[in-house]
Amino acid sequence: MENQCLAIPSIPMQQWGQIYDPAQALAEGTIFPELNKPFYMAPEGCNTTLPRSGELAAFSQICFAATDAMLYLDTHPGDMQAREYYENCLIKKKELMERADCGCCSAAHYDWENKPVVWEGGNC
Amino acid sequence: MWTYEQRLQYPVKITKTCPKTAQYIMSQYGGPDGEMAASMRYLSQRYSMPYKQVSGLLTDIGTEELAHMEIICAIVYQLTRNLTPEEAKTAGFDAYYIDHTKGIWPAAAAGVPFNACEFQSKGDAITDLAEDMAAEQKARTTYDNILRVVTDPEIRDPIKFLRAREVVHFQRFGEAMELAKDRMDSRNFYAFNPSFDMPGRPGTALRN
């Protein structure tokens, strides 16, 4: 914390380091292990070790990794490792879209009749 | 400008109807520390933010909050989509049902409708960023409160995801505060409001 002063908040700038793979990142809610700080309280009898519901689609995983990296880059625009990671996410996202093997990508935007409703629990 | 992606940022698959749970998770849609307030806060504050890097962060986090609002609405919808008239009488959800049936409407857990007074856009860089850091913590506490009482893993799963995002956003707003401080005079961050004052502009002067 090079910027500590009285009467104003100070927070250390994060450094780019180890990154979760995209599947684990989406499951944890961040690509950064050092920002993963879960809450451990749960109702009695609640099985917190149950596997997370459903298989998270590759497209959602890579889009999420890109989003989390983008927010990091918003406050660290000169970080070359982060830029490379982010660019790679965008390339993989484009490849998956071109393959168009998921419900939201295979039909035209306006073809609502033939696509799963987003909030009904369909997955992409 | 925004475009819509036809997917949830995090999947929601809830198979059991539970109007009672829907009634309090709805608070993260239209409640005081909910996702709508979060999104509107950041997307409103960005105009007067004097630092382009920080107003860019407000835009990106405000946009992600819209996706979180959609996740919360999907949870509330799936918890009530198969609601029977008998279940509609569940204590806590009954009053909501009378006014909205199964419609999704932004309100707090206690029934207070969404209100822009839930957030502030103060037009001062330090004040707004301090509010944003507090907002992420308040939302995190609300998600903690939900996780302390909900047992269904199908509900806990997306709630855990949303909670994790609050921690990440808190770090980013803290870093934005650092970026703002770098652009101010550390001898007195409060000498003037960088979102309003332009020292040297005709008609203004720096005086003690």
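Let us look at the structure shown here. (Residues numbered from 1 in each chain as written. Chains lettered and ligands numbered in written order. Predicted model: local features only at pLDDT ≥ 70, side-chain atom pairs only at ≥ 80, totals over all residues. Heavy atoms only, no water.)

Quick look at the overall build of chain B
A tally of regular secondary structure across chain B gives 8 helices and 0 strands. Listed N to C, the secondary structure of chain B is α-α-α-α-α-α-α-α in terms of helices and strands. Judged by the C-alpha coordinates and their principal axes, chain B covers about 70 × 35 × 30 Å. The buried share of chain B, reckoned over its 208 residues, is 53%. In the structure as shown, chain B presents an accessible area of about 9200 Å², 56% of it carried by carbon and sulfur atoms. Each charge class in chain B can be summarised by its mean position, and for the 24 positive and 27 negative side chains these summaries are 2 Å apart. (Helix = DSSP H or I, 4+ residues; strand = E, 2+ residues; numbered from the N terminus. Buried < 20%, exposed > 50% of the residue type's maximum accessible area, 1.4 Å probe, protein only. Areas by Shrake-Rupley, 256 points an atom, 1.4 Å probe, with all protein chains shown as cover. Lys, Arg positive; Asp, Glu negative; His and termini not counted. Charge placed at Lys NZ, Arg CZ, Asp CG, Glu CD.)

Examining helix α3 (residues 35–45) of chain B
Residue and element names in this part refer to chain B. The buried fraction of α3 amounts to 9 of the 11 residues, a majority that puts the element mostly inside the structure. What α3 keeps buried is the set Glu35, Met36, Ala37, Ala38, Ser39, Arg41, Tyr42, Leu43 and Gln45. Turning to α3, the residues buried within the fold contact α2 (27–30), α4 (52–80), α7 (125–149) and α8 (153–182). (Contact = heavy atoms within 4.5 Å.)

Considering the packing of aromatic side chains
All names here are of chain B. Taken as a whole and assessed by the stated rule, the structure comprises 8 aromatic pairs over all chains. Taken together, a centroid distance of 4.7 Å and an interplanar angle of 50° make the contact between Tyr42 and Phe173 tilted. Remark: Phe173 occurs in helix α8 and Tyr42 occurs in helix α3; sequence separation between them is 131 residues. Classification of Tyr42 by relative accessible area gives buried; the value is 0%. You can call Phe173 buried: its relative accessible area is 0%. (Phe/Tyr/Trp six-rings, centres within 6.5 Å; stacked < 30°, edge-to-face > 60°.)

So, the layout of surface pockets
Taken as a whole, the largest pocket spans an internal volume of roughly 860 Å³. Thr3, Glu5, Thr63, Glu64 and Ala67 of chain B are, among the 26 residues lining the largest pocket, the residues nearest its centre. Only α2 (58–75) and α3 (80–99) of chain A together with α4 of chain B provide two or more residues apiece to the lining of the largest pocket. Looking at which element gives the most residues to the lining of the largest pocket, the answer is α4 of chain B, with 9 residues. Looking at side-chain class alone, the lining of the largest pocket contains 15 nonpolar, 5 polar and 6 charged residues. (1 Å grid on protein atoms, 1.4 Å probe; cavity = no way out; pocket = protein on both sides within 12 Å on 5 of 7 lines; lining within 4 Å. Points joined across faces, edges and corners; volume = space filled by probe spheres on them. Nonpolar A, V, L, I, M, F, W, Y, C, P; charged D, E, K, R; others polar.)

A short note on the interface of chain B and chain A
Where interface size is quoted, it is often the accessible area lost as the parts come together. Contacts between chain B and chain A engage 54 residues on the former and 53 residues on the latter. Three residues stand out in chain B for area buried against chain A, namely Gln6, Arg7 and Arg172 of chain B, and they jointly supply 15% of the buried area on that side. Run the count over chain B and chain A and you get 3 salt bridges. Secondary structure elements with two or more residues in the side of chain B that touches chain A: α4, α7 and α8 of chain B. The element that contributes the greatest number of residues to the side of chain B that touches chain A is α8 of chain B, accounting for 22 residues. (Buried area = accessible area lost by both parts, 1.4 Å probe. Salt bridge = Lys/Arg side-chain N within 4 Å of Asp/Glu carboxyl O.)

These values are about where atoms sit, not about what they do.
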